[in-house]
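A closer look at the structure
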Amino acid sequence: MLKVVNLTVIRDGREILKNVNLEMHAAEIHLLLGVNGSGKTTLAQAIMGIYSYEGNIFFEGKNIDSLSVWERARLGITLAFQEPARFEGLLVKDYLMISARNKSMGNLENVIKMVGLPRSILFHEIGENLSGGERKRIELAAVILMQPKLAILDEPDSGIDMLSFKLISEVIKKMKELGTGVLLITHSEDMIDIADTATILCSGKVIASGPRDEVKKLFKYSPCPLKR
Ligand SMILES: Nc1ncnc2c1ncn2[C@@H]1O[C@H](COP(=O)(O)OP(=O)(O)O)[C@@H](O)[C@H]1O
Ligand SMILES: [Mg+2]
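Attention here is on the structure that accompanies the text. It should be emphasised that the depicted structure is a prediction, and the values quoted were computed from it without experimental measurement. (Residues numbered from 1 in each chain as written. Chains lettered and ligands numbered in written order. Predicted model: local features only at pLDDT ≥ 70, side-chain atom pairs only at ≥ 80, totals over all residues.)

**Concerning the sheet that holds strand β6 (residues 77–80)**
Read from one edge to the other, the open sheet built from 6 strands follows the order β6-β7-β8-β3-β9-β10, with strand pairing classed as mixed. Both outer strands of the open sheet, β6 and β10 (205–211), are each paired with one neighbouring strand and no more. Direction aside, the axes of adjacent strands within the sheet are offset by 15 degrees on average. Both strand β3 (residues 29–33) and strand β9 (residues 197–202) contribute to a ladder of 4 bridges, which runs parallel. Its bridge partner lying in β9, leucine 31 is registered against alanine 198. (Pairing = 2+ DSSP bridges. Helix = DSSP H or I, 4+ residues; strand = E, 2+ residues; numbered from the N terminus. Axes fitted to C-alpha atoms, helices over the stretch in contact; angles between N-to-C directions.)

**A look at the site of ligand 1**
Looking at ligand 1, the residues that line it are Arg11, Asp12, Arg14, Ile16, Gly34, Asn36, Gly37, Ser38, Gly39, Lys40, Thr41 and Thr42. Sorting the residues of the shell around ligand 1 by element identifies β2 (14–24) and α1 (40–48) as the ones contributing at least two each. It is α1 that contributes the most residues to the shell around ligand 1, 3 residues altogether. Of the residues belonging to the shell around ligand 1, the class tally is 1 nonpolar, 7 polar and 4 charged. (Near = placed C-beta within 6 Å. Nonpolar A, V, L, I, M, F, W, Y, C, P; charged D, E, K, R; others polar.)

**Details of the nonpolar core**
Grouped together as the largest cluster of nonpolar side chains are 59 residues, with contacts concentrated most on Ala141, Ile152 and Leu184. If one sorts the elements of this core by residue count, helix α5 (residues 132–146) sits on top with 7 residues. Among all residues touching isoleucine 152, those that are not within four sequence positions of it are Ala44, Ile47, Met48, Thr78, Leu79, Ala80, Leu183 and Ile185. (Core = buried A, V, L, I, M, F, W, Y, C linked by C-beta atoms within 7 Å. Buried ≥ 20, exposed ≤ 12 C-beta atoms within 10 Å, placed from the backbone. Contact = placed C-beta atoms within 7 Å.)

**Quick word on the environment of threonine 42**
With respect to the helices, strands and loops of the structure, threonine 42 is situated in helix α1. Spatially, the C-alpha atoms of threonine 42 and methionine 114 are 29 Å apart, while their sequence positions differ by 72 residues. Excluding residues within four positions of it along the chain, threonine 42 makes contact with Val9, Ile16, Leu17 and Tyr51.

**Concerning helix α6 (residues 165–177)**
With 13 residues, α6 ought to run about 18 Å at 1.5 Å a step, and its terminal C-alpha atoms sit 18 Å apart, in line with that. For α6, the set of buried residues is Ile168, Val171, Ile172 and Met175. Angularly, the buried residues of α6 cover 95 degrees about the axis, an arc narrow enough to put them on a single face. With respect to the buried face of α6, the exposed residues turned more than 90 degrees away are Lys166 and Glu177. In this structure, the buried residues of α6 make contact with β3, α4 (105–114), α5, β7 (150–154) and β8 (181–186). (Expected span 1.5 Å × (residues − 1). Arc of directions from axis to C-beta.)

**Considerations on the pairing of β2**
Of the pairings in the sheet, the one linking strand β1 (residues 2–11) to β2 comprises 7 bridges and is antiparallel in character. Residue pairing for β2: valine 9 is matched across the bridge by leucine 17. The turn joining β1 and β2, which pair antiparallel and follow one another in sequence, is formed by 2 residues; a positive phi near 50 degrees is taken by aspartate 12.

**Concerning α5**
End to end, α5 covers 21 Å across 15 residues, agreeing with the expected 21 Å (1.5 Å per residue, within 8%). Here α5 lies mainly inside the structure; 12 of its 15 residues are buried. Those residues of α5 lying buried are Glu134, Arg135, Lys136, Arg137, Ile138, Glu139, Leu140, Ala141, Ala142, Val143, Ile144 and Leu145. Buried residues along α5 sit against β6, α3 (92–99), α4, β7 and α6. Trailing α5 by a residue or two, glutamine 147 shows a phi angle of about 45 degrees, which is positive.

**Examining the packing of α3 against α5**
Running from N to C, α3 and α5 cross one another at 30 degrees; their axes reach a closest spacing of 8 Å. Read as a crossing pair, α3 and α5 show a hand that is right-handed. Contacts between α3 and α5 involve Val92, Tyr95, Leu96 and Ser99 from the first element and Ile138, Ala141, Ala142, Leu145 and Met146 from the second. Grouping the amino acids of the contact of α3 with α5 by side-chain chemistry returns 8 nonpolar, 1 polar and no charged. (Left-handed = near helix turned anticlockwise from the far one by under 90°.)

Structural data, given as structure tokens:
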């Protein structure tokens, strides 16, 4: 479903990503693992079309290099940011309605429960009253409601008021059941067991990629030690 071929990203004269190759299939969970600064967010944003790059990206067999962020979104690619955007003043329910394919209140209520938030939060305004963790959960809910073909989740497990590992795992498994492929970005190897396939990124290079168990074995011998 997603194929990244020899992707190189240069920013401020520095090669942030170097000939990155990555492949994942539909409705698969692919873990993208790497320490802070290894280039995970840069890769996510290049796939979404936010950064320009050298190399090629294919989605469902189609070359998407010339497509804008909006056109990529229309094909079914969604990105949940590491630092969620702020839509101050909007009611949570209205923010979610914009993303939702099925725009019934019942559906919104189900998804808000799925990400571990109380129903009452739907009627809150997005603003200073929400914690960082609540914002991340709301963003995750928005991604689920979009029912994308590919959801890129940039460190859903990091941040203040950390989302629990169990909740995130359950949400991601549910997304897969609903037919969404998930590119799960994290700096922690804790998530690897829910993945089908995985890639380890180190200083902008892929040092391992493939079936989960094979990549898992390589952890121990990784030349890029995984630290927090
Ligand atoms: N706007 C920028 N200009 C130049 N370098 C950047 C910029 N943003 C991030 N970087 C650098 O790119 C590298 C990868 O960053 P990033 O993709 O955010 O890594 P990760 O998400 O794995 O922590 C880091 O060394 C970071 O300092
Ligand atoms: Mg990052």
